[in-house]
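Structural features, examined
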Amino acid sequence: MAKIQHNNFLDSVNDVFTDAKKAGVLHLYADDDQFCGRTISVKNQNLFHFGTTGYLGLEQDFRLKEAAIDAIRKYGTQFPLSKSYISNPLYRQLEEMVSEMYGNPVVITKNSTLGHLGVIPSAVKDQDAIILDHQVHWSVQSAAKVLKTRSVPIEMIRHNDLNMLEDKIKALSNSRKKIWYMADGIYSMFGDYAPIKELKALSIKYPQLHLYFDDVHGMSWIGRNGTGYVMSELDELSENMLLFGTLSKTFGASGSVLVCSNKKMHNEIKTFGGPLTFSAQLEPASVAAATASAEIHLTPEIYELQNDLNQRIRYFNELVAKTDLPLIDKNNSPVFFIGTGMPKTGYNFVNRLMKEGFYVNLGLFPAVPVKNTGVRITISRHNQMQEITALVEAMAYHLPKAIEDTHTNLHRVCEAFKLETKQKSEEPSHDKLNLQLETSISKIDKNTWNTLVGKNGIQDWDGQRFLEKTFKDQQLVEHNWNFWYLIIYDHQNVPILATVISTSLWKDDMLANLTASKTIEDRRQSDPYYMTSKVLSLGSLFTEGDHLYINENHPLKTDALNKLMETLETLEQRTDSKMVALRDFSLDVGLHSHFQGHGFIRIQMPSSCKVTLTKQDSIDSYISRLSPRSKRHLRKDILTYEPLLKIAILKNLDETQLKHVKELYDNVRRNNLGLNTFSYPLILFKNMSKDPNWEFITIESKDDPGNFIGVMFCYKNNSSLTYVPSLVGIDYEHLDKYQTYRQLLYQTIKRTIHLNFRHIDFGLTASFEKKKLGAIVEEKHAYIQTSDNYSLELMGLLECK
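Rules and cut-offs
- Here the residue numbers are simple positions, counted from 1 along each chain's written sequence.
- Reporting in this predicted model follows two pLDDT cut-offs: at least 70 for local features of residues, and 80 or more for side-chain atom pairs to be given and counted; totals over whole chains, interfaces and linings ignore these cut-offs and use all residues.
- As a convention, hydrogens and water are excluded, and side-chain values are obtained from all of the structure's heavy atoms.
- Put simply, a salt bridge is a Lys or Arg side-chain nitrogen that is within 4 Å of an Asp or Glu carboxyl oxygen.
- In this description a helix means any DSSP run of H or I spanning at least four residues, a strand means any run of E spanning at least two, and both kinds are numbered starting from the N terminus.
- For every residue, the accessible area (1.4 Å probe, protein chains only) is compared with the maximum for its type, and the residue is labelled buried under 20%, exposed over 50%, or partly exposed between those bounds.
- DSSP-based pairing: two strands are paired if at least 2 bridges between them are found.
- Residue-level confidence of the predictor is what pLDDT reports, using numbers from 0 through 100.
- Whether two residues are in contact is decided by their heavy atoms: any pair within 4.5 Å suffices.
- Every angle, taken between N-to-C directions, lies between 0 and 180 degrees, and every axis is a line fitted to C-alpha atoms, over only the stretch in contact when it is a helix.
- Our angle categories are set so that under 35 degrees counts as roughly parallel, over 145 as roughly antiparallel, 65 to 115 as roughly perpendicular, and the remainder as oblique.
- A clockwise turn of the near helix away from the far one marks a right-handed crossing, whereas an anticlockwise turn of less than a right angle marks a left-handed crossing.
- We call Asp, Glu, Lys and Arg charged. Ala, Val, Leu, Ile, Met, Phe, Trp, Tyr, Cys and Pro are nonpolar, and the rest, Gly among them, are polar.
- Working definition: a ring pair exists when centres of Phe, Tyr or Trp rings (six-membered ring for Trp) sit within 6.5 Å. Plane angles under 30 degrees give stacked, over 60 give edge-to-face, the rest tilted.
- Note on geometry: a ring has a charge over it if NZ (lysine) or CZ (arginine) is within 6 Å of the ring centre and within 35 degrees of the ring normal.
- Think of a polar contact as two N or O atoms within 3.5 Å of one another; within protein, one of them needs to be a possible hydrogen donor and the other a possible acceptor, and neighboring residues in sequence only count if both atoms come from side chains.
- Residues forming no salt bridge and having over 30% relative accessible area are the ones grouped into patches, like charges within 9 Å of each other and nonpolar side chains (Val, Leu, Ile, Met, Phe, Trp, Tyr) within 5 Å.
- Here the accessible surface of atoms and residues is derived via Shrake-Rupley with a 1.4 Å probe, and residues count as covered only by protein chains that are part of the display.
- To estimate how far a helix should extend, the number of its residues minus one is multiplied by 1.5 Å.
- His residues and chain termini do not enter the charge count, which takes Lys and Arg as positive and Asp and Glu as negative.

1. A closer look at the pattern of salt bridges
Counted under the stated rule, the structure contains 40 salt bridges. Between Asp 308 and Arg 312 there is a salt bridge, with the nearest N and O atoms lying 2.6 Å from each other. Here the residue Asp 308 and the residue Arg 312 both occupy positions in helix α12 (residues 301–321), the gap between them amounting to four residues, near one helical turn. Taking relative accessible area as the criterion, Asp 308 reaches 22% and is therefore assigned partly exposed. For Arg 312, a relative accessible area of 8% puts it in the buried group. The residue Asp 637 makes a salt bridge to Arg 742 at a minimum N-O spacing of 3.5 Å.

2. A few points about the pairing of strand β10 (residues 335–341)
Most of β10 is tucked away, with seven of its seven residues classed as buried. Of the two faces of β10, the one lined by Val 335, Phe 337, Gly 339 and Gly 341 and the one lined by Phe 336, Ile 338 and Thr 340 are each fully buried. Where β10 lies against strand β13 (residues 373–378), six bridges are found, and the strand directions are antiparallel. Bridge pairing in β13 places Phe 337 opposite Arg 376.

3. Looking at the confidence of the model for the protein chain
Taken over all residues, the pLDDT of the protein chain has a mean of 91, while the share at 70 or more is 95%. Every residue in residues 795–801 is under pLDDT 50, and counting partners more than four places away or in other chains gives 32 contacts.

4. Considerations on the packing of helix α6 (residues 162–172) against helix α7 (residues 196–205)
Closest axis-to-axis distance for the α6/α7 pair is 12 Å, and the angle between their directions is 20°. Relative to α7, α6 is oriented roughly parallel. Between α6 and α7 the crossing geometry is right-handed. Residue-level inspection shows Leu 162, Leu 165, Glu 166 and Ile 169 of α6 in contact with α7, the latter providing Glu 198, Leu 199, Leu 202 and Lys 205. Of the residues belonging to the contact of α6 with α7, the class tally is five nonpolar, no polar and three charged.

5. Remarks on the packing of aromatic side chains
Tallied over the full model, the rule gives 27 aromatic pairs. Between Trp 449 and Tyr 485 the ring centres are 5.4 Å apart and the planes differ by 85°, which places this aromatic pair in the edge-to-face class. With a gap of 36 residues between them, Trp 449 in helix α16 (residues 446–452) and Tyr 485 in strand β15 (residues 482–490) connect regions that are remote in the sequence. Accessibility assignment for this pair places Trp 449 and Tyr 485 in one class, buried. With a centroid separation of 5.3 Å and an interplanar angle of 40°, the aromatic rings of Phe 466 and Trp 694 are classed as tilted. One end of the pair, Phe 466, is in helix α17 (residues 461–470); the other, Trp 694, is in strand β22 (residues 694–701), and 228 residues separate them in sequence. Taking the relative accessible area as the measure of exposure, Phe 466 reaches 4% and is therefore buried. A relative accessible area of 0% means that Trp 694 is categorised as buried. A cation over a ring is seen here: Lys 507 above Phe 678, with NZ or CZ 5.1 Å from the ring centre. Note that Arg 523 overlies the ring of Tyr 530, its terminal NZ or CZ placed 4.1 Å from the centroid.

6. Examining the sheet that holds β10
Taken together, three strands build an open sheet; the order of strands is β10-β13-β12 and the sheet is antiparallel. At either margin of the open sheet sits one strand with a lone partner, and together these are β10 and β12 (361–363). Averaged over all pairs of adjacent strands, the angle between their axes in this sheet comes to 30°, without regard to strand direction. In the packing of helix α13 (residues 343–356) onto the sheet, the strands contacted are β10, β12 and β13, and the crossing angle to β10 comes to about 120°.

7. Digging into the sheet that holds strand β11 (residues 358–359)
Strand order in the open sheet formed by three strands is β1-β2-β11, with mixed pairing between adjacent strands. Of all the strands in the sheet, just β1 (39–42) and β11 have a single pairing partner and so form its edges. Examined bridge by bridge, strand β2 (residues 45–49) and β11 share two bridges and lie parallel to one another. Opposite His 49, over in β11, you have Tyr 359 as the bridge partner.

8. A word on the side chain of Ser 720
One can find Ser 720 in the loop between β23 (708–717) and β24 (722–730). By relative accessible area, Ser 720 is classed as buried at 14%. Side-chain polar atoms of Ser 720 contact the backbone oxygen of Lys 455, separated by 3.1 Å. At a separation of 2.8 Å, a polar atom in the side chain of Ser 720 contacts the side chain of Thr 722. Contacts of Ser 720, omitting those with residues within four sequence positions, involve Gly 454, Lys 455 and His 759.

9. Details of a nonpolar patch on the surface
A cluster of nonpolar residues, Leu 81, Tyr 85 and Ile 86, forms a patch on the protein surface that exposes about 340 Å² of accessible area. Take Ile 86: it is sitting in the loop between α2 (62–75) and α3 (91–102).

10. Some details on the environment of Leu 476
Relative to the assigned elements, Leu 476 resides in the loop between α17 and β15. Under the relative-accessibility criterion, Leu 476 is labelled partly exposed at 36%. For Leu 476 and Pro 681, which are 205 residues apart along the polypeptide, the C-alpha to C-alpha distance reads 8.9 Å.

11. Overview of helix α19 (residues 557–575)
For α19, with 19 residues, the first-to-last C-alpha span of 27 Å sits near the 27 Å given by 1.5 Å per residue. Of the residues making up α19, those classed as buried are Ala 560, Leu 561, Asn 562, Leu 564, Met 565, Glu 566, Thr 567, Leu 568, Glu 569, Leu 571, Glu 572 and Thr 575. Asp 576, located one to two residues past α19, shows a positive phi value of around 55°.

12. Remarks on the pairing of strand β9 (residues 256–260)
Burial of β9 is extensive: five of the five residues sit out of reach of the surface. Taking every second residue as pointing to the same face, both faces of β9 are buried, with Ser 256, Leu 258 and Cys 260 on one and Val 257 and Val 259 on the other. Judged from the four bridges that link them, strand β3 (residues 106–109) and β9 form a sheet pairing that is antiparallel. Bridging across to β9, Ile 108 finds its partner in Val 257. Relative to β9, strand β8 (residues 241–246) is paired through five bridges, and the arrangement is antiparallel. Residue pairing for β9: Thr 246 is matched across the bridge by Ser 256.

13. What to know about unusual backbone geometry
A cis amide bond, omega 10°, links Phe 365 with the succeeding residue Pro 366. With respect to the helices, strands and loops of the structure, Pro 366 is situated in the loop between β12 and β13. Going from Arg 583 to Asp 584, the amide bond is cis rather than trans, its omega being -5°. In this fold, Asp 584 is placed in strand β19 (residues 579–585). Even without being a glycine, Asn 44 presents a positive backbone phi close to 60°. Mapped onto the elements of the fold, Asn 44 is located in the loop between β1 and β2. Of the residues examined, Asn 44 reaches a relative accessible area of 72% and is grouped as exposed. Even without being glycine, Ser 220 reaches a positive phi, approximately 75°.

14. Regarding the environment of Ala 201
The topology assignment puts Ala 201 in helix α7. Ala 201 gets classed as partly exposed once you look at its relative accessible area, which sits at 46%. In the structure, Ala 201 is positioned 338 residues away from Gly 539 in sequence and 47 Å away in space, judged by C-alpha atoms.

15. Comments concerning the side chain of Glu 438
The topology assignment puts Glu 438 in strand β14 (residues 433–438). There is no salt bridge for the buried Glu 438, and the closest opposite charge comes from Lys 443, which lies 4.6 Å off by N-O distance. Side-chain polar atoms of Glu 438 contact the side chain of Gln 436, separated by 3.4 Å. Residues contacting Glu 438, with those up to four places away along its chain left out, are Lys 443, Ile 444, Phe 483, Trp 484 and Tyr 485.

Here's what the structure looks like:
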């Protein structure tokens, strides 16, 4: 019935990237006349370069440069012909040498992204399944999702969670031939490893399990012949494994390489591998440079280079260990991540380091969760020991300054990454503020609350008391909610900010697309709490509309918002919530910048619909203001059926009627998986029947009296004269015959006018139908924060990393 417009992943990414660009830390241009690898010039400032992925410095090796130059002179800038027809003369030697490095057949590809797009659809058959580590590189995820069109199941596990992986394998083993697990060897942000040996043992235990590794960040700096981290952990590449390495990054040239010990599969992929067949081949200069690098990899010199880099990595680790810098993963790779938590702290930190003379990468969403923003440092052979010392000293000095500038502390940063802190940081001072945080609305002054927050929906004092009474001491966990009421005052007792906060169990797919929710609901038939999480939210699952009051003109507004963020963090940790949701907001540039800077991403909610009435309004005067098209709709689809129906306003329902209206509500809930929530308990409807602020607009067919075919569950917010149709129930067998839903909307307007109320909060969803009856439609957004992108991906808010 209700059409939900789902969030666009690219919109969320664009929001974050735009913010980072404005902060001057993303989409920069180098302005050097030439590169040496040790430094890079940005904004006419020469910076020591701690952001390269050329860890061994081979991109500046004279042998690779001379080979590339010589190839251009001999063969030109490109060889414009598909490899399916003929390869340029330099390819044969490169393939032979890289095959010698690995001791297995290889396929050279233009780059790893095209490589994955060519290999995954060829290697994975329709009878197989895919399981993705949720931090596996975007290029792997993107290529894997191509197989959705072939109905290949694609599952996802939390990062390096072998227990979850084993459960997925067991679930798929009876219905699928091969089960492919796809992971990185070295993960590009935190520099942490895949558990290669444990995964191999799991593949022995479950022969159906096949392993697909992207090891481009593990290439060259480790392993025999520089073949990478995965090979350094294995005696040999088994036939149930596919491995991607790189000829760019640390290798110093361009392109990527697939290593495949299964000769039959290797032949199939090389013969016809999608983009491998139709895309351009590597330029002669790239092939020649890669060949020169392969020659180095096949000599003892590669181990000298590896040792030289390892000395620098060990030195960096030793220095960092003497500081309080929040190093996210302690490892021996050349990739390190210093956490800042909030994006705005990351922006400040990067800019400070650049002014100090160091270039580092900002790690931000979607490569990491927004709340897990930080600085990625890469160590290369270009970096000298004195520069590494200076960088660590600069970070140890500037991170506390960046934290202070952005009103947070080290403890909060470490909490975001689930790290132990070496020392407890000072809480930011809010001496100018007084905070009232209560767990029951009964402890809040009624007039104060209704003036600040209670003007919207059922968020008034009486409405919150009703929700507290209903959603406690229930049998099912999803029907037990906790509430907090926050008011922040200045020292003159002037309110600056007020809101209601709740925790409850949400379905992870609440905003996912319909197909995904149907699939998940099938699983929930046997596992009711599959893919559910505790969420800390402004408002609650039952409320809609503005949940946050802010005194826009108060000079301490920003301090109050910062205090709100701290309070939410404290409650999130105390309740062990997996996500924080701020909803429902109109497009507000100021709040958007504030929320995003604190680690929230914006997602689009269904549009809200409101009607504003005047004291003099009658139903006739209201109809007279409708557009000609809306008037035709009213006459044809609503007024025509009204004489056939018995419409009543009921204050109380008997036990039989209560069970019946709950069934009608459940019909709508099941039919509206685009906004997928748990069913409400029967006690909710019983409490409505007892509460003087609730009433029921019921519809019966005159041909079948006594049998409700539609019901609107309506709340009267007397403090703001707002009528709130909170829930709807429909008998779908009669929906088209009597246009029941449209009739309920119209009767809601009539009832509001009869009560002489001024507003109707029609809420979210079905905005097209409500707009036809004169409702004003407004876009609404929510802001989501989690320390784990896995949760967001499961909710259908993100397509991939």
